[in-house]
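Spelled out from the first residue to the last, the chains are:
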Amino acid sequence: MQEETKKKFDEYKKLVEKKLDEYIPVKYPEKIWESMRYSVLAGGKRLRPVMALETCRVLCGTYEHAVPTACAIEMLHSQSLIHDDLPCMDNDDYRRGKLTNHKVFGESTAVLAGDALLSFAPQVILQNTPKTVSSDTLLNVLEEFVVAAGAEKLIAGQVVDIDSEGKQISEETLNFIHENKTGALFKLSMRTGAILAGAEEEKLKAVTDYAEKIGLAFQIMDDILDVTSTLEELGKTPGKDAQENKATYVSFYGIETSKKQVASLCKQACDILKEHGIESDVLQAIADSINERVN
Ligand code: GRG
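Here the structure is a predicted model, which means the values were calculated and not measured. (Residues numbered from 1 in each chain as written. Predicted model: local features only at pLDDT ≥ 70, side-chain atom pairs only at ≥ 80, totals over all residues. Heavy atoms only, no water.)

K.L.:
If you had to explain the site of the ligand to someone new, which residues and values would you point to?
P.N.:
Looking at the ligand, there are 21 residues lining it, with Lys-45, Arg-48, His-77, Arg-96 and Ala-149 nearest. A distance of 2.5 Å separates an oxygen atom of the ligand from a polar side-chain atom of Lys-45. At a separation of 2.8 Å, an oxygen atom of the ligand approaches a polar side-chain atom of Arg-96. The protein chains hide 92% of the 750 Å² of surface that the ligand would expose on its own. A majority-of-atoms criterion places the ligand in the largest pocket. Residue assignment for the shell around the ligand shows that the elements contributing at least two residues are helix H4 (67–85), helix H8 (154–164), helix H9 (171–196) and helix H10 (201–228). Counting residues per element, the shell around the ligand draws most heavily on H4, at six residues. Taken together, the residues that form the shell around the ligand break down as six nonpolar, eight polar and seven charged. (Near = heavy atom within 4 Å. Polar contact = N/O pair within 3.5 Å; in protein donor to acceptor, adjacent residues only side chain to side chain. Areas by Shrake-Rupley, 256 points an atom, 1.4 Å probe, with all protein chains shown as cover. 1 Å grid on protein atoms, 1.4 Å probe; cavity = no way out; pocket = protein on both sides within 12 Å on 5 of 7 lines; lining within 4 Å. Sits in = over half its atoms within 2 Å of the grid points. Helix = DSSP H or I, 4+ residues; strand = E, 2+ residues; numbered from the N terminus. Nonpolar A, V, L, I, M, F, W, Y, C, P; charged D, E, K, R; others polar.)

Have a look at this one:
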């Protein structure tokens, strides 16, 4: 990443981390708030909130208006990771280089912390988005949020993923899992950023298409790293896909073809932005960083 672009990315990231810390206080009963804070403030690349803020800015919006939504999306992302790590799901002991939520707080608190984040996130949007944002826009954002978090998107992807373990599945099913489990939150980030900028339909579609390509590329790279990376690099246990007998891009096409697919999808994503006159060094760099991802 170019130095100037990295500076912009890091500024967004710093802002998101400061606001997440502010939005999630420690109240009574402290245990639940501490458990929520433990996972949300555990680091992470913060790709989704940065994408939301940069999309809002590049489409001529006031990116500060998108901060509560960007943070809410990171809360939803953290919630999905807490639940995904539970013994009844992916059963992982490490996440973001730290012990998983249930390993520190116990299973019941981890379930409740996920639940709490899921309902707290839209509360953060409602209570913190500046009043200058119209009610119609806010309703649009909330609709995008609840649909992405629900049984039509994120949960659908997770259910089909779990159901597919140890089975021969079609490429169509694999794409369904990736599109919903991973792609939905990238799309949510870009779409809400665009909606808060008041973007016209053509631009909204362009950023949605970019997010779709990036989401798929990101997940294919995740599958590759599961095979090639270490616990130290990944911050979570590698080799889980093979252990759980999961169909992945790597199991379908092998590592080299999968890498080529990632590069091609990232290029297609950037071409979409160019075709629609959306010039963002940050969004370009995010695509490049997926190609070069190590964690
Ligand atoms: C919404 C109620 C509700 C449940 C969620 C558990 C679940 C249903 C979905 C799981 C979704 C999941 C774990 C998708 C994996 C996506 C993925 C590749 C995450 C890793 O993202 P990074 O690398 O993580 O951006 P960091 O730690 O950098 O933020």
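K.L.:
Outline helix H3 (residues 47–58), listing residues and values.
P.N.:
Across its 12 residues, H3 extends 16 Å between first and last C-alpha, which sits within 8% of the 16 Å expected from 1.5 Å per residue. For H3, the tally of buried residues reaches 11 of 12 residues, placing the bulk of the element in the interior. Every buried residue of H3 is accounted for by Leu-47, Arg-48, Pro-49, Val-50, Met-51, Ala-52, Leu-53, Glu-54, Thr-55, Cys-56 and Val-58. The elements touched by buried residues of H3 are helix H1 (3–23), H4, H9, H10 and helix H15 (281–291). Of the residues flanking the end of H3, it is Cys-60, one or two places downstream, whose phi is positive at about 70°. (Expected span 1.5 Å × (residues − 1). Buried < 20%, exposed > 50% of the residue type's maximum accessible area, 1.4 Å probe, protein only. Contact = heavy atoms within 4.5 Å.)

No statement about biological role is implied by the geometric values presented.
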